[in-house]
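What follows is each chain in one-letter form.
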Amino acid sequence: MTKEYRIKLKLANSCSQLCLVVVLVVLASLTIPADCFHHDDHYPEAIAALFVFGDSLIDPGNNNYINTSTGFQANFPPYGESFFKYPSGRFCDGRVITDFIAEYAKLPFIPPYLQIGYQYQLAYGANFASAGAGALVETYPGSVVDLKTQLWHFNEAEKLLISNIGRRGAERIVSNSVYLFSIGANDYFSDSRKSNIFKSFTPEDYVAMVVGNITAALEEIYKKGGRKFGVVNMPPLGCAPVYRAADLAAGGTGECNGQMTALAKLHNVLLSKGLEHLQKQLKSFRYSYFDFFAVFVDLFDNPSKYGFKEVKSACCGSGPFRGTNSCGGRWGIKEYELCGNPQDYSFFDSVHPTQAANQQFAELIWAGPSNVTGPYNLKSLFQLSL
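Parameters at a glance
- Residues numbered from 1 in each chain as written.
- Predicted model: local features only at pLDDT ≥ 70, side-chain atom pairs only at ≥ 80, totals over all residues.
- Heavy atoms only, no water.
- Helix = DSSP H or I, 4+ residues; strand = E, 2+ residues; numbered from the N terminus.
- Buried < 20%, exposed > 50% of the residue type's maximum accessible area, 1.4 Å probe, protein only.
- Contact = heavy atoms within 4.5 Å.
- Areas by Shrake-Rupley, 256 points an atom, 1.4 Å probe, with all protein chains shown as cover.
- Pairing = 2+ DSSP bridges.
- Axes fitted to C-alpha atoms, helices over the stretch in contact; angles between N-to-C directions.
- Expected span 1.5 Å × (residues − 1).
- Polar contact = N/O pair within 3.5 Å; in protein donor to acceptor, adjacent residues only side chain to side chain.

S.K.: I keep staring at the overall build of the chain and nothing clicks. Help me out?
M.R.: Helix and strand counts for the chain come out as 12 helices and 10 strands. Taken across its 386 residues, the chain has 52% of its residues classed as buried. Within the chain, counting contacts between residues at least 6 apart in sequence, those at least 24 apart form 70% of the total. Counting only carbon and sulfur atoms, one obtains 55% of the accessible surface of the chain, whose full area is about 17,400 Å².

Right under this line is the structure:
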């Protein structure tokens, strides 16, 4: 081999190695935002991402991507009209609570995890919530993504993170992220209370099982390295327009459903105790507990304080209190009413808040006082370094 040929071969090999490095850098930039890289290493900085588990209150449209009925979807008008100008799959006229939380945390919108291709963009977190989901797998089985399956999706997301950026980078994201949970309401709604599993237990044991599944989910994420958790308790479920309408139809005066509200109260007592227990048992476990129940009661009593004119009737639906779940023609009911000023209403449809209400709730979750959200608020959790 001549000296000239050896030099050419060496240059060719160097060029190949350089090209390979360039290709790898380009591929990495497709999965991790460029500003997440630290100059001194090759894995992301410890940004505080947001991972979300829950139901329709915070589902950004995951149910658009599963085989389910339209009763568990909101991918038709007038949903989305106040912000997106198209139905995004959110059960709201605009943004849901987690959209505002992401904004306050200086994160982009966290889109549905099941959205095609989104699974490869996880540096800012993921939203696994599914409308209709419960903490129990027996709640609307086959029609929703229950909490157990949402946790499975999180496990898959973690594996993908490791594959994309390496174990060390993935561990940094997992440990510094905030995990927000808002789930359980569907386990207590009328259909669930008609189920065999509800009838097989006392109400106390049934609620304990629901709360136990939620705290077990927190523990599972803790074992994977998660340390910062946000948990939303149950609002007074029986005061939604659908239940006020049911009370009126049963000969009442449109009051809240007492059985539903009692279940919500018991749920909140057990959930609060469960979180306190986890904090005592698990080192560096930190949490924010949002008292949705107390906030909703205050909202009903003082609507003008929150900027609302109507807190009992829905903006979209039919019948008394617009409590019939017909918004957008759901369940084959083509005739429905739609208000022209959703910002004046706390409820958009028979059970879901308006964008205006979601913003109020998000502000309190983010930076509310300790009597509403504690022992940490979400802002302090995002800023907390463990």
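S.K.: Help me understand the sheet that holds strand E3 (residues 178-182), please; the structure alone is not making it clear to me.
M.R.: Strand pairing in a sheet relies on backbone hydrogen bonds. The paired strands run either parallel or antiparallel. Ordered in space as E2-E1-E3-E4-E5-E10, the 6 strands form an open sheet in which the pairing is mixed. A strand with exactly one partner marks an edge of an open sheet, and here the two such strands are strand E2 (125-127) and strand E10 (373-375). Neighbour-to-neighbour, the strand axes of this sheet turn through a mean angle of 20°, independent of strand direction. Pairing analysis gives 5 bridges linking strand E4 (residues 228-232) to strand E5 (residues 286-290), with the strands arranged parallel. Residue pairing for E5: Val232 is matched across the bridge by Phe290.

S.K.: When you look at the side chain of Asn358 in this model, what are you seeing that I'm missing?
M.R.: As for its placement among the helices and strands, Asn358 is situated in helix H11 (residues 355-367). On the basis of relative accessibility, which here comes to 1%, the residue Asn358 falls in the buried class. With residues near it in sequence (within four places) discarded, Asn358 still touches Leu57, Cys92, Arg95, Val96, Ile97, Phe100 and Pro353.

S.K.: Looking at this structure, I do not really get helix H3 (residues 147-165). What am I missing?
M.R.: Quick reminder: α-helices carry 3.6 residues per turn. Residues three or four places apart thus point the same way. Taking 1.5 Å per residue as the helical rise, H3 with its 19 residues ought to reach 27 Å, and the 27 Å between its terminal C-alpha atoms agrees with that figure. Of all the residues in H3, the buried ones are Leu147, Gln150, Leu151, His153, Phe154, Asn155, Ala157, Glu158, Leu160, Leu161 and Ile165. Close packing links the buried residues of H3 with strand E1 (50-54), helix H4 (167-176), E3 and helix H7 (203-223). Near the N-terminus of H3, the side chain that reaches the backbone nitrogen of Lys148, with its oxygen 3.0 Å away, is that of Asp146.

So yeah, pure geometry; function would need other evidence.
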